[in-house]
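# Per-entry structural report
In case you want the letters, here they are:
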Amino acid sequence: MPLPQPIGHRLKTLHAHDLALSHCVPSLAAHEVPEHCHIEPQFVLVARGRYASTARGAADEGAGEGDPLLVFNPPGTVHADCFAASQPLAEARFISLDLGFGLWGSLSQAMVLPPEPVALSGPVARQLLARALRLAQSLDSEALDLDSLAAELTAAVAGDLERQYGHPPPWLLQCRDALRDDSRYTVGNHGLCKLAQELGLHPVYLARAFRSHFRCSPGDFARQHRLQRAAKLLAHSRLSLSEVAQDCGFFDQPHLSRSFRARFGVTPGEYRVRAG
């Protein structure tokens, strides 16, 4: 699976630690955009033009003129989103916000976020697009401004999920945190049963409630978290691949390599080189 290639000419790019905002004019026609994988999380704000996306909530025909669209692509998203074939590219505009796993870990830790791509339109998308455009056009934007925009975008996606599926009860948030922070439940056998027993719940009830609120199974959540932590360490530490594997709860380096490639389409070593 190829990594994403730029689909637009950048009018302006702003960088902060673990974050990049680009204001772009699309340069690839719909038939030229291959299916590709986004390893890091990404937000796309469509300012002008009809955008075709497979994200949940996006209209089949894409966003129309005057109807901004916010698309969230979580880590590991595989898609071929692009501007519609009928859209003159020179008339379209979009903003992309790409986040590294260091910042993403801080933003996502306290929020419930969808594991699949989602799209939002309406007042929320319009307000966030206006803020992003002001940043892109400003001559004195600072890192704090970019961080704040990333936090607002993340909160908007989390809020949409909560409106649809409700706020998870405290015990379910406790379960999520345990799967993220305690290897007793994610390494070895019977982790779900152990966790359910400690919470005084039946494992089947726990698994169903988890999927209902978090849109994935407890096992999927634990795997996603391990892989995102591994990606963060690969990009921001000098740990060897075997040390990263051990730190993130994989059996060994080959286990990390197989899981990483299956999820992101590249090996841990290739990703480390790419992350610089």
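Please refer to the structure placed before this passage.
Everything quoted here is computed from the prediction, not taken from an experiment. (Residues numbered from 1 in each chain as written. Predicted model: local features only at pLDDT ≥ 70, side-chain atom pairs only at ≥ 80, totals over all residues. Heavy atoms only, no water.)

### What about the pattern of salt bridges?
Formally: A side-chain nitrogen of Lys or Arg and a carboxyl oxygen of Asp or Glu constitute a salt bridge if their distance falls within 4 Å. Comment: elements are numbered from the N terminus, with helices defined as DSSP H or I runs of at least four residues and strands as E runs of at least two. Exposure is judged per residue with a 1.4 Å probe applied to protein chains only, and the accessible area is read against the type maximum: over 50% gives exposed, under 20% gives buried, and values in between give partly exposed.
All chains considered together, the criterion is met by eight salt bridges. With a shortest N-O distance of 2.5 Å, D247 and R229 are connected by a salt bridge. Within this pair, whereas D247 is found in helix 8 (residues 241-247), its partner R229 is found in helix 7 (residues 218-236), the two being separated by 18 residues in sequence. The exposure class of D247 is partly exposed, given its relative accessible area of 41%. The structure contains a network of salt bridges with shared partners spanning R176, D177 and R180.

### Details of the sheet that holds strand 6 (residues 69-73)
One key point about sheets: their strands pair by backbone hydrogen bonds, in either a parallel or an antiparallel sense. Spelled out, the test is: One bridge is not enough; two strands pair if DSSP finds at least two bridges between them. Between N-to-C directions, angles cover 0 to 180 degrees, with each direction set by a line fitted to C-alpha atoms, over the stretch in contact for helices.
The strand order across the open sheet built from six strands is 1-2-9-4-6-10, with neighbouring strands paired in antiparallel fashion. The open sheet is flanked by strand 1 (8-16) and strand 10 (118-120), the only strands paired with a single partner. With strand direction ignored, the average angle separating the axes of adjacent strands in the sheet is 20°. Strand direction decides the pairing type here: strand 4 (residues 42-48) and strand 9 (residues 93-99), joined by six bridges, are antiparallel. By the bridge assignment for strand 9, V46 is matched with F94.

### Describing the nonpolar core
Put simply, the rule is: Throughout, nonpolar core names a set of buried Ala, Val, Leu, Ile, Met, Phe, Trp, Tyr and Cys residues whose side chains join them through atoms within 4.5 Å. Contact between two residues is taken to exist if any of their heavy atoms lie within 4.5 Å; hydrogens are not considered.
Within the largest apolar cluster, 48 residues are counted, with the highest numbers of intra-cluster contacts made by F43, L97, L99 and F260. Sequence-distant contacts of F43, defined by excluding residues within four places in its chain, comprise L70, V71, F72, I95, S96, L97, L99, W104, L153, T154 and V157. Within the second largest apolar cluster, 17 residues are counted, among which are V112, C175, A178 and C216.

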